[in-house]
Every structure is written in structure tokens, then in C-alpha cells.
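# Residue-level structural notes
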Amino acid sequence: MTELVFILTDVPELTVGEHATLPRLPALETVLARARREPLAQDWRAWLAARCGAARQTPAATVAAAWATAADERGAPRHHWLATPVHFFAGIDRIALHPAGLLQLSAAEQRALVEQFAHVFGESPWRLSALGRRELLLSGPPLYASGLDPARFAGDDPSAGLPQGPDAAALKRLGAEIELWLHEHPSNLARTGRGELAVSTLWLWGGASEPPRPGPAAPSGPPSGPLSAPPARLFGHDTYAEALWRLQGAAAEPLPEGLSHATQLLDGPADSVLLYPIRHDGGVTAALWQLEQRWLAGALAALRRRRIEAVQLVAGARAYRLSWWDLGRLWRVRAPWWEGLTWGSK
């Protein structure tokens with residue numbers, strides 16, 4: 001039988017306000033209370049890589065680079081970073097990442113940025129490539145520094161996510177130069193004229209933040225061949241996850257509106273991995289309510305009828321796997337979901 005795997009992506013820090021006003025989510029709380037729990041050693045991307053047979057240690061941008069076949073023409077060693085267009089705004093006493101500040105540029109905007117980057121930074125070792133996804137790809141000299149996933153800081157102070165590592169100063173300096181380049185850039189003037197958020201800078205992350213440790217570690221360069229076949233269909237959008245599937249000749253599919261629109265997932269021979277973004281105009285609570293109503297309630301009903309083997313939920317710092325047998329763990333009393341979810345700290 002198949003499994004349904006829900007991975008919560010673009011997860012910010014959980015701020016739920018007054019708990020008494022929040023709706024209870026029975027299906028989510030059942031998963032959190034009765035599922036078998038697995039702490040994540042890193043993040044959901046490393047968890048998914050291990051599920052696909054890829055090395056957990058391979059940086060996200062390196063996987064994306066292999067997918068995009070981005071390489072230096074001279075064959076020189078290169079490192080790679082994901083470059084997310086972001087928008088900052090000035091608060092009372094600090095700069096913050098706008099709640100909707102992870103920007104999806106059009107294909108034309110991405111092409112223009114890549115061309116103009118090549119013109120402005122042409123004498124430098126840095127190269128920018130478009131991936132056709134939210135993130136672009138930056139390649140450059142071997143540097144051990146990287147920022148954290150910017151989705152963790154939406155609506156908050158992003159300083160804790162700035163590049164870290166032995167070579168952080170060089171990557172921060174490049175970020176500052178990119179910010180100056182984009183200030184009053186023609187593309188930004190066009191965006192603001194259309195009422196859209198301007199691109200403050202390109203947030204550089206997903207690279208190697210430290211040299212490989214001694215021992216039989218995974219290769220530091222892009223994978224030379226396809227990864228082992230993913231035992232699942234992938235639904236949703238994420239540059240890294242899609243790269244894992246594309247490297248092996250598969251492709252992601254759009255995320256359906258809900259289980260009622262995709263009941264065939266319950267009967268398929270393969271598991272289904274669903275990337276569910278927790279970025280919503282109504283905040284985290286609204287996103288989880290939709291997950292409850294559109295997906296989890298139906299998934300648990302199918303599990304009780306033994307139509308599927310298990311429901312998995314990867315959220316924050318843990319992975320939860322709920323099988324039919326686990327439903328009988330009635331001594332695991334359901335607690336409010338905001339007490340059970342562990343996003344992890346910044």
C-alpha cells in the first residue's frame with residue numbers, strides 16, 4: 001500500500017498569539033500525539049535526500065547545480081549557492097524580512113538579472129544562473145560559507161540567517177555589493193510601479209558552510225550520475241526537491257487543491273510526497289487549518305479504512321509516521337497542536 005508524506009516547507013518561526021483563540025485541529029493533533037517520532041538531524045531537505053538515497057551532506061545548491069549542469073567552462077573547482085530574491089523593510093529599530101518577502105520573479109525578470117549580473121560582475125569569479133524556479137543559482141570560487149533558508153525568517157529579523165562559516169566575510173561582502181547593485185535598479189522601479197515588492201537583495205544560502213570532515217564523507221562536488229530512483233511521486237515546488245527528482249529523470253507535479261481532488265493518490269503503487277508551503281496570507285494557523293481540512297482529515301479516514309499504509313508528516317525539527325497500528329495508541333492523549341509542533345530554533 002502507499003504512504004502519503006506531507007512535508008511542511010517555507011516554515012517561519014511559529015507565532016500563534018493567544019492560544020485560546022486558535023482553532024483545534026483534530027487530525028493534525030492525532031498525528032502529533034500517536035505517530036512514531038524521528039528527530040531530524042538537519043532539516044527536511046536532508047531527510048528527503050536520505051529517503052531518495054542521496055548523501056545528506058551534499059549541500060542543497062550543489063544538488064541544484066548538478067540539475068542545471070552549471071559548471072565552470074575552464075573546469076576550475078566551483079562552489080554553489082541558492083540565491084533567493086528577498087524584500088526587506090525597515091522596522092522601528094531593525095531591518096526585517098517582509099512576511100511576503102520571498103519573491104518569485106518572472107522568467108523575463110530572471111533572465112534580465114542574469115544578463116545584467118554578468119555585465120556588472122563580469123570581471124569577478126561570480127556567475128549567476130536562472131533555474132526557472134524561485135531561487136537562482138550563484139556559482140563562485142571555493143568558499144566555505146552559507147546563509148540559512150530565508151523562509152525561516154519571514155516577517156522577522158533575518159540577521160541570524162546571514163552567512164556563517166570560515167569564509168563568511170567574503171560572502172557577506174558579495175551580498176552587500178548585490179544589494180547596492182539592486183538599489184533603484186530598473187527592474188525594481190518597474191516592480192514598484194506595478195505595486196509589487198522590490199528585490200532588496202539575493203539571499204545566498206544552501207552552500208557548504210564548512211570543509212568536509214575527515215573520513216569517507218560524500219563528495220563535495222555535484223553528483224556525477226543520477227541518484228537512486230525516488231520511490232515516490234513528488235507534488236509541489238521546491239528547487240532542491242525538484243532537483244533530486246530531475247537528477248533521476250523524474251519530474252514534480254503541481255500540488256492538488258486537496259485529497260478530494262486527488263483520490264488516485266490513495267490507490268497508486270508509489271508513495272506520494274507532498275510539499276505543503278506554510279506561507280499564507282492568514283499566517284501559520286490559516287495554512288495549518290487548510291492542511292487539516294483539505295488533506296489530513298481525509299488521509300486519516302483512508303488510514304482507518306486501511307486504504308493506505310501510513311501518513312507521514314515532516315514539520316520543523318521532527319518527522320512523524322502514523323500507521324494503522326499506531327491509531328490504537330489511545331493512551332497518547334491529543335494535546336493542542338501548538339504544544340506539539342516543534343519548529344526548531346533559529
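For the structure given in this document, a descriptive report is provided here. Values in this document were obtained by computation on a predicted structure and should not be read as measured data.

Let us look at the overall build of the protein. Broken down by element type, the protein carries nine helices and eleven strands. For the protein, the residues scored as buried account for 50% of the 346 residues in total. In the protein, once contacts between residues fewer than 6 apart in sequence are set aside, the share between residues at least 24 apart is 71%.

In total, this model carries nine aromatic pairs according to the counting rule given. A centroid spacing of 5.8 Å and a plane angle of 75 degrees characterise the contact between phenylalanine 117 and tryptophan 181, whose relative ring orientation is edge-to-face. With phenylalanine 117 in helix α4 (residues 107–120) and tryptophan 181 in helix α5 (residues 168–182), this residue pair connects regions lying 64 residues apart in the sequence. Taking 5.8 Å as the distance between ring centres and 85 degrees as the angle between the ring planes, the aromatic pair formed by phenylalanine 121 and tryptophan 181 counts as edge-to-face. One end of the pair, phenylalanine 121, is in the loop between α4 and β5 (127–130); the other, tryptophan 181, is in helix α5, and 60 residues separate them in sequence.

On to the side chain of glutamine 110. Tracing the backbone shows glutamine 110 in helix α4. Looking at glutamine 110, the relative accessible area reads 3%, which means it is buried. Contacts of glutamine 110, omitting those with residues within four sequence positions, involve Gln104, Leu105, Ala130, Leu131, Gly132, Arg133, Arg134 and Leu136.

This brings us to helix α6 (residues 186–193). For α6, every residue scored as buried is listed here: Ser187, Asn188 and Arg191. The arc enclosing the buried residues of α6, seen along the axis, measures out at 95 degrees, which places them on a common side. Of the exposed residues in α6, the ones pointing more than 90 degrees away from its buried face are Pro186, Leu189 and Gly193. Where α6 is buried, its residues contact α4 and α5. Of the residues trailing α6, glycine 195 is marked for its positive phi of about 80 degrees.

Let us look at the sheet that holds strand β8 (residues 232–235). The six strands are arranged β2-β11-β10-β1-β9-β8 in an open sheet whose pairing can be described as mixed. Of all strands in the sheet, those with a lone pairing partner are β2 (36–39) and β8, marking the two edges. Here the strands of the sheet are splayed against their neighbours by 15 degrees on average, with no regard to which way each runs. Sheet topology note: the strand β1 (residues 3–9)/strand β10 (residues 310–315) ladder contains five bridges and is parallel.

With that settled, consider the nonpolar core. Where a protein is soluble and globular, its nonpolar side chains tend to be buried together. Core analysis: the biggest nonpolar cluster contains 39 residues, and Phe6, Leu8, Leu28, Leu288, Leu313 and Trp337 have the highest contact counts within it. Those elements that provide at least two residues to this core are β1, α1 (26–34), β9 (271–277), α8 (284–304), β10, β11 (318–323) and α9 (337–340). Tallying contributions element by element places α8 first for this core, with ten residues. Not counting residues up to four positions away in its chain, the partners in contact with leucine 288 are Leu8, Leu25, Leu28, Ile278, Trp337 and Leu341.

In terms of backbone geometry, most residues other than glycine have negative phi values and most peptide bonds are trans. Notably, glutamate 184 is not glycine yet its phi reads approximately 55 degrees, a positive angle. Here glutamate 184 shows up in the loop between α5 and α6. Judged by relative accessible area, which is 60%, glutamate 184 ranks as exposed. At arginine 306, a residue that is not glycine, the phi angle is positive and equals roughly 60 degrees. By relative accessible area, which is 43% here, arginine 306 ends up partly exposed.

Attention now goes to the pattern of salt bridges. Following the criterion strictly, the structure yields 17 salt bridges and no others. Note that arginine 134 is salt-bridged to aspartate 10, the shortest N-O span being 3.0 Å. Here arginine 134 is found in the loop between β5 and β6 (136–140), whereas its partner aspartate 10 is found in the loop between β1 and α1, with 124 residues between them in sequence. Measuring nitrogen to oxygen at the nearest pair gives 3.4 Å for the salt bridge that ties aspartate 156 to arginine 94. Note that aspartate 156 is positioned in the loop between β6 and α5 and arginine 94 in the loop between β3 (79–90) and β4 (95–102), a separation of 62 residues in sequence. Salt bridges here are not isolated pairs; linked through shared partners, they connect Glu109, Arg191, Arg194 and Glu196.

Quick notes on the rules
Residues numbered from 1 in each chain as written. Predicted model: local features only at pLDDT ≥ 70, side-chain atom pairs only at ≥ 80, totals over all residues. Heavy atoms only, no water. Helix = DSSP H or I, 4+ residues; strand = E, 2+ residues; numbered from the N terminus. Buried < 20%, exposed > 50% of the residue type's maximum accessible area, 1.4 Å probe, protein only. Contact = heavy atoms within 4.5 Å. Phe/Tyr/Trp six-rings, centres within 6.5 Å; stacked < 30°, edge-to-face > 60°. Arc of directions from axis to C-beta. Pairing = 2+ DSSP bridges. Axes fitted to C-alpha atoms, helices over the stretch in contact; angles between N-to-C directions. Core = buried A, V, L, I, M, F, W, Y, C linked by side-chain atoms within 4.5 Å. Salt bridge = Lys/Arg side-chain N within 4 Å of Asp/Glu carboxyl O.

Limitation: the analysis is restricted to geometry and does not speak to function.
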